[in-house]
Each structure stands twice: as structure tokens, then as C-alpha cells.
Amino acid sequence: MEETYDVIIIGGGVVGCACVFELTSRGFSCLLLEKNEHLAAEASSGNSGMLHTGFDATEGLELDCIQRCQARVFPLLDKLGVPVNHIGATMVAWDEQQLERFPQIVANSNAAKCTTMHELSCSELYKREPNITSGALGALWIPGEAVTDPWLFPVLLANDACKKGARILLRSRVCSVVRNTEMWIVETTRGTFNSKCVVNCAGLYGDIVNILAGKSEFRILPRKGQYTVYSKSAQNLLNSSILPVPSDVTKGVIVFRSVYDNVIVGPTAENVDSRRQAPVDESIRLRLTEIAAKVVRELPSHPVVSLYTGVRPATDVKDYIISAETERNWITVGGIRSTGLSGSLGIAEKVHSLVKTSLNIEPDRGQSLFISKPDVSFTRHGSAIVDGVEHFITHPLTFAGRTEYVANSRM
């Protein structure tokens, strides 16, 4: 007999993991389907690990979800045992034109009630960040910005959901979705499953999954970002994340420390045709080295330990797409570009609200909101044992940070 669930979630990136965590905690029986061999293997394996406050987000779903996530994420990270560093961010102006944008950036942040921002003089900037290159004209201090482990967080969200009764099925590509009078019938490469509701969190393949369901409300326009990861020997060069002043076209390249104290330069933003993980481009690597030297002159003298790319599921609109088709109990979560980690819990809240109030689906059991801290240990070969189950590390920042830490601790 085919298994039946309240909700089937398609996609095991950070957003899908947040949704299965939220819905299972609220009492819904859930199945998460992920086509890859590991969780967080597509767009979620190539992000920055930064938890943004939303100070530069335009008003709409993205800003709302980031703010909702900000209200919940730090206590949850603590309960799960995920490392976080409230490092703050410094936005640096290198010319008069950039400096002139500061009042509007501050006004936008204040209007959105995002975070406290403080303008810094040159002397205050160089007192805080003595190693950045000379020539800056001023800066904005944004204390609320933080960094975390971008891989461990979604994996532990999924693990918590499993402990509360959810099922996670890997290597399960969705082949077809058909709606009968009462249920969705979801056929995958590992079997057929039924559910009252489907939540499409398929990221880079979200438009394709929607087409399977007879919907075509958006189209994914893949956008590549490339990063350079420097050794932890460079960690003392920065006291905060160094942000560029955003332009009308891009937010620019950031120089920041990971939660494991590697120093990262990135991401870039290039539109690409393929949704698959893009290869490292040598010309972009050289450009990132130039940017590193312009921001922190001594940074390129430190060893590079990794280069990586990520492909973001951009669309032709700037905001998130989170919508419910009430006639067929289908929820679309799409266009979650570069802020999926920062907005994940807020997105999951929105999805829960849609399931319960728009689709009028009641959970089949009571809530289970207690978080039991998992047992986590990292191996020397790029994996982690979580409550006895081994998970391969898909994110280069976690891999670089944790494998070096484990190796050093055992020497």
C-alpha cells in the first residue's frame, strides 16, 4: 500500500529542511523528497553562511521572512549546537559616490525596522579595522550581521524532524505529480507516495517541478557566484565582515570570516545557462584576488585552501515567490536566491500558515516543539555523525573549517 502523508516537501536544501522541521514540529506527518544522495547538495551547498538582517532587502516577502527568521534563529542554533559568530558587518565607501549612498541605505534600514546602523568616520573605521587598505572615506557599522555553519544547520533541522516522525528520502527524483479528488500522487524513482498537500521547495528545479504539476508561474534564471577561501592564518586581518556599497545592479563582493575563521572573498554574480554546479573560472579567481588586495592588502599573501562556486535560483522578479493554489493544495516556494539561509525559518513559518489557514489542513497529531540537542561528531574524511547517522559534508566552508579543525585537534 502506498504511504500517505499530510505534506510532501520536494527539495532538501535549507528551505526544504526548514519546512519539514517546522511542519513536523507543528504535528503534520511529512515526507521530504531529495533527488540527490545528500541533503543541501545544490544551491545550499554554495552559499556564504551569512545570516543577514535584511537591512538591504526590498520590502516584501524576502524582508518579512528574513525578519521572522532573525527573531527565531539564534536561540534555535544554540539549542541545536550549531556554531554562530555575531561578527557584525562594516560597509566601506571607497569613493564619494558610494559615500553619498549612505543616507539612503540608513533610511531604508530604519524604515524597514531591520537593524541599528552607525556611521563611522575614517578614524573610527581604521580603529575598528586596522588591516583594511588605506583610502576608505567612511563606513557604516551593522552590528546585527552574523555567520553560521551553512551545512550543519539544515542537516540538524532535518534530523530533528526525523526524530519527531518525519521521513527523509534521498535519491528520490520526482517523476510525476498527479492530483485526484482528494490526494496528490507523487511518483519518484524510489516509489509512489500520497499526500494531502505538496510543498515545492525544489530550488534550482522549482519551475520544472511546477510544470510537472501543470503550473508555470515563474522561470529559474541560474546565477553563479564564485568564492575564494583563505587559510585560517588570515583570520586576524578582519574584525567584521567587510561589505561593499551596493549598486543598482549588484550587492558586490564581500570579504568576511566564516564561523570557522577561514577568510572568504565572494560571491560574484554571473548569469549562466546551466543549473548544475558551475566550474571555477580562472579569470574570476584572479578578479577575486584583486578585490581581496583592494580591501585587505595583506590577504592575498595567505594560502588559498579552497575555491568554490554556487548557483542561485534567481528569477525575473526580485522578491520571493511563496504562494498556495487552494483548489489543489499545492504550495510553491520559489526564487529564493542568495538569502535562503537568512530567510529559511521565516519561509517555513509562511508555509505552515498557508497549509493551516489557506489550505485548511489540520495536523494528524499534537505539536512537538521541544528541541533535543543532537550528538554530532566530525570525521577526518569530510563527514559528520549525527545521532549515529553519517552525513557527507556538501558545503566547502564546513568542509574546510571542520576537517582542518579535526585534523589539528588530533595531531
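Note that the structure is a prediction, hence the values are computed from the model and not measured. (Residues numbered from 1 in each chain as written. Predicted model: local features only at pLDDT ≥ 70, side-chain atom pairs only at ≥ 80, totals over all residues. Heavy atoms only, no water.)

Comments concerning the overall build of the protein chain
Part 1 of the reasoning: The number of helices and strands found in the protein chain is 10 helices and 23 strands.
Part 2 of the reasoning: The C-alpha radius of gyration of the protein chain comes to 21 Å, within 12% of the 22 Å expected for a compact globule of 411 residues.
Part 3 of the reasoning: With the C-alpha coordinates of the protein chain rotated into their principal frame, the extents come out at 70 × 50 × 40 Å.
Part 4 of the reasoning: Here the protein chain, with 411 residues, has 56% of them falling under the buried criterion.
Part 5 of the reasoning: Counting contacts in the protein chain only where the partners sit at least 6 residues apart, residues at least 24 apart contribute 74% of the total.
Part 6 of the reasoning: A total of about 17100 Å² of accessible surface is found on the protein chain, and carbon and sulfur atoms cover 50% of it. (Helix = DSSP H or I, 4+ residues; strand = E, 2+ residues; numbered from the N terminus. Rg over C-alpha atoms; globule rule 2.2 N^0.38 Å. Buried < 20%, exposed > 50% of the residue type's maximum accessible area, 1.4 Å probe, protein only. Contact = heavy atoms within 4.5 Å. Areas by Shrake-Rupley, 256 points an atom, 1.4 Å probe, with all protein chains shown as cover.)

Observations concerning helix H1 (residues 14-25)
Part 1 of the reasoning: For H1, built from 12 residues, the straight-helix expectation of 16 Å at 1.5 Å per residue is met to within 8% by its first-to-last C-alpha distance of 16 Å.
Part 2 of the reasoning: For H1, the set of buried residues is Val-14, Val-15, Gly-16, Cys-17, Ala-18, Cys-19, Val-20, Phe-21, Glu-22, Leu-23, Thr-24 and Ser-25.
Part 3 of the reasoning: Where H1 terminates, the next one or two residues include Gly-27, which has phi positive at roughly 100°. (Expected span 1.5 Å × (residues − 1).)

Section: the pattern of salt bridges
Part 1 of the reasoning: Here the structure, examined in full by the defined rule, presents 22 salt bridges.
Part 2 of the reasoning: For Lys-215, the salt bridge identified is with Glu-217, shortest N-O distance 3.4 Å.
Part 3 of the reasoning: For Lys-215, a relative accessible area of 15% corresponds to the buried category.
Part 4 of the reasoning: Here Arg-328 ties to Glu-325 by a salt bridge, and the two come within 2.8 Å at their closest N and O atoms.
Part 5 of the reasoning: Residue class for Arg-328 comes out partly exposed when judged on its relative accessible area of 23%.
Part 6 of the reasoning: Each of Glu-22, Arg-26, Asp-64, Arg-68, Arg-72, Glu-349 and Lys-350 takes part in one network of salt bridges that share partners. (Salt bridge = Lys/Arg side-chain N within 4 Å of Asp/Glu carboxyl O.)

Brief notes about the packing of aromatic side chains
Part 1 of the reasoning: Overall, the coordinates contain three aromatic pairs when judged by the stated rule.
Part 2 of the reasoning: The interplanar angle of 10° and the centroid separation of 4.4 Å between the aromatic rings of Tyr-227 and Tyr-308 together place this pair among those described as stacked. Within this pair, whereas Tyr-227 is found in strand S13 (residues 221-230), its partner Tyr-308 is found in strand S18 (residues 304-314), the two being separated by 81 residues in sequence.
Part 3 of the reasoning: Of the residues examined, Tyr-308 reaches a relative accessible area of 2% and is grouped as buried. (Phe/Tyr/Trp six-rings, centres within 6.5 Å; stacked < 30°, edge-to-face > 60°.)

Topic: the environment of Leu-76
Part 1 of the reasoning: Structurally, the position occupied by Leu-76 is in helix H2 (residues 61-80).
Part 2 of the reasoning: C-alpha of Leu-76 to C-alpha of Ile-371: the two residues are 295 residues apart in sequence and 8.2 Å apart in space.
Part 3 of the reasoning: Aside from chain neighbours lying at most four places away, what touches Leu-76 is Phe-21, Phe-153, Leu-157, Leu-345 and Ile-371.

A word on the pairing of strand S5 (residues 89-93)
Part 1 of the reasoning: For S5, a buried count of five out of five residues is recorded, marking the element as mostly surrounded by other parts of the structure.
Part 2 of the reasoning: Burial along S5 is two-sided: the face carrying Ala-89, Met-91 and Ala-93 and the face carrying Thr-90 and Val-92 are both buried.
Part 3 of the reasoning: In this sheet, strand S14 (residues 241-244) lies alongside S5 in parallel orientation, the contact comprising four bridges. Bridging from a neighbouring strand, Thr-90 pairs with Ile-242 of S14. (Pairing = 2+ DSSP bridges.)

Topic: the pairing of strand S7 (residues 138-142)
On a regular strand, one side chain projects to one face of the sheet and the next to the other, so that they alternate.
Part 1 of the reasoning: In terms of burial, S7 is largely enclosed, as five of its five residues are buried.
Part 2 of the reasoning: Where S5 meets S7, five bridges bridge the pair, whose relative direction is antiparallel. Each residue of the ladder has a partner; that of Thr-90, found in S7, is Trp-141.
Part 3 of the reasoning: Of the pairings in the sheet, the one linking strand S6 (residues 118-120) to S7 comprises three bridges and is antiparallel in character. By the bridge assignment for S7, Glu-119 is matched with Leu-140.

Comments concerning the layout of surface pockets
Part 1 of the reasoning: In this model, the second largest pocket occupies a volume close to 310 Å³.
Part 2 of the reasoning: Leu-39, Leu-170, Val-389, Glu-390 and His-391 are the residues nearest the centre of the second largest pocket, which is lined by 15 residues in total.
Part 3 of the reasoning: Residues that form the lining of the second largest pocket fall into these classes: 10 nonpolar, three polar and two charged. (1 Å grid on protein atoms, 1.4 Å probe; cavity = no way out; pocket = protein on both sides within 12 Å on 5 of 7 lines; lining within 4 Å. Points joined across faces, edges and corners; volume = space filled by probe spheres on them. Nonpolar A, V, L, I, M, F, W, Y, C, P; charged D, E, K, R; others polar.)

Let's talk about a nonpolar patch on the surface
Part 1 of the reasoning: Together, Val-280, Val-304 and Leu-307 make up an exposed nonpolar region whose accessible area comes to about 210 Å².
Part 2 of the reasoning: By secondary structure assignment, the location of Leu-307 is in strand S18.
Part 3 of the reasoning: Of the residues examined, Leu-307 reaches a relative accessible area of 31% and is grouped as partly exposed. (Patch = residues over 30% accessible without salt bridge, like charges linked within 9 Å, V, L, I, M, F, W, Y side chains within 5 Å.)

Comments concerning the confidence of the model for the protein chain
Part 1 of the reasoning: Per-residue pLDDT for the protein chain averages 94, and the proportion of residues at 70 or more is 98%.
Part 2 of the reasoning: In the model, residues 405-411 has pLDDT below 50 throughout and makes seven contacts with residues more than four positions away in sequence or in other chains. (pLDDT = per-residue confidence, 0-100.)

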